[in-house]
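# Observations on the model geometry
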Amino acid sequence: MKNKIINIIVLIVSVFLLTGCKINQKDPHEVLTDSLNKVVLPEHITSDVNLLSAIDGYEITWKSNDESIISNSGKISRKAYDQEVVISATISEGETVVSKDFKIIVDKIDPEEFLNNVLNQIIIPTTVSESIDLPDLIDGIVINWTSNDTSVISNKGKVKQFEEDVKVTLKANVSYAGVNLFRTFEVTVLKDPNYDVINNALAEISIPTDTISNINLPTSIGDVLITWQSSRSLY
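This structure, assessed with the given rule, holds 2 salt bridges. Linking Asp56 and Lys38 is a salt bridge whose minimum nitrogen-to-oxygen distance equals 2.9 Å. Of this pair, Asp56 sits in the loop between strand 2 (54–55) and strand 3 (58–59) while Lys38 is found in the loop between helix 2 (28–36) and strand 1 (44–45), placing the two residues 18 residues apart along the sequence. With its nearest N and O atoms 2.8 Å apart, the salt bridge here joins Lys79 to Asp139. Within this pair, whereas Lys79 is found in the loop between strand 4 (61–64) and strand 5 (83–93), its partner Asp139 is found in the loop between strand 8 (137–138) and strand 9 (141–142), the two being separated by 60 residues in sequence. Using a relative accessible area of 27% as the deciding quantity, one classes Asp139 as partly exposed.

Take a look at the structure:
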């Protein structure tokens, strides 16, 4: 009888403990949601946003719906107008996954500062021997190019080489909201190496200055083809 009573008491205690554990145990989705709700981001930003890499030991994965404005790492690109971006934070535990969206407005930038940012993104080589790919659109801003010597580099970037190196100034012009800015680039067009080959070939030509007989005129030297023209031709 005594053992039976003890067994009943043990059973009651066990049921109580098990029931208590279930009552205190949170749903995994609720646990993750509580952790993710601790993450706070500003509604308006003018500089890169700090995105946490983890919360409560859970690794956070970030995803922007427009990386041209806010990257997945939090780097921003401001424009001349306000831009709204949705960036999502996701954490997981086992098969349970929870995400949270944050709406962030990247505040517009001053037009002059915006245009300077556009101009500072332009990168072109300082020495060239072939045509240049001149960017004509950055961040929605049209870039108009002008060359101070279009016979060497055209306004479209087409290059023509000459017997000597030639320096050319290219000017990138941009405008927005009544603001006009420009940036200049000094570019050296390297001489055409074929001129050296031709000049060396010409230096090898030797014909008499006086003659009473036919002259043997070479028609080629190496890979250089030679054509002749007389100021007083007999034929």
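After presenting the structure, the write-up continues.
Space inside the largest pocket adds up to approximately 380 Å³. Residue lining of the largest pocket: 12 residues in total, with Ile215, Leu217, Ser230, Arg232 and Leu234 positioned closest to the centre.

A separate point is the pairing of strand 6 (residues 96–106). Successive residues of a regular strand alternate their side chains across the two faces of the sheet. Bridge analysis of strand 1 against strand 6 gives 2 bridges, and the strand direction is parallel. By the bridge assignment for strand 6, His44 is matched with Ile105. Count of turn residues in the strand 5/strand 6 antiparallel hairpin: 2 residues, of which Gly94 carries a positive phi of about 65 degrees.

About the thresholds
Counting of residues starts from 1 at the beginning of each chain's written sequence and follows it residue by residue. In keeping with the model being predicted, local features are shown solely for residues with a pLDDT of at least 70 and side-chain atom pairs are shown and tallied solely at 80 or more, while totals for entire chains, interfaces and linings include all residues. To get the side-chain values, take all heavy atoms of the structure and skip hydrogens and water. Here a salt bridge means any side-chain nitrogen of Lys or Arg lying within 4 Å of a carboxyl oxygen belonging to Asp or Glu. Under the scheme used here, helices are H or I runs from DSSP no shorter than 4 residues and strands are E runs no shorter than 2 residues, and both carry numbers assigned from the N terminus. Partly exposed describes any residue whose relative accessible area lies between the buried limit of under 20% and the exposed limit of over 50%, with all areas from a 1.4 Å probe on protein chains only and scaled to the type maximum. Method remark: on a 1 Å grid restricted to protein atoms, a set of points is classed as a cavity if a 1.4 Å probe fits but cannot get out and as a pocket if it is open with protein on both sides within 12 Å along at least five of seven lines; lining residues have an atom within 4 Å of a point. Grid points are joined across faces, edges and corners, and a volume is the space filled by probe spheres set on the points. For two strands to count as paired, DSSP must find a minimum of two bridges between them.

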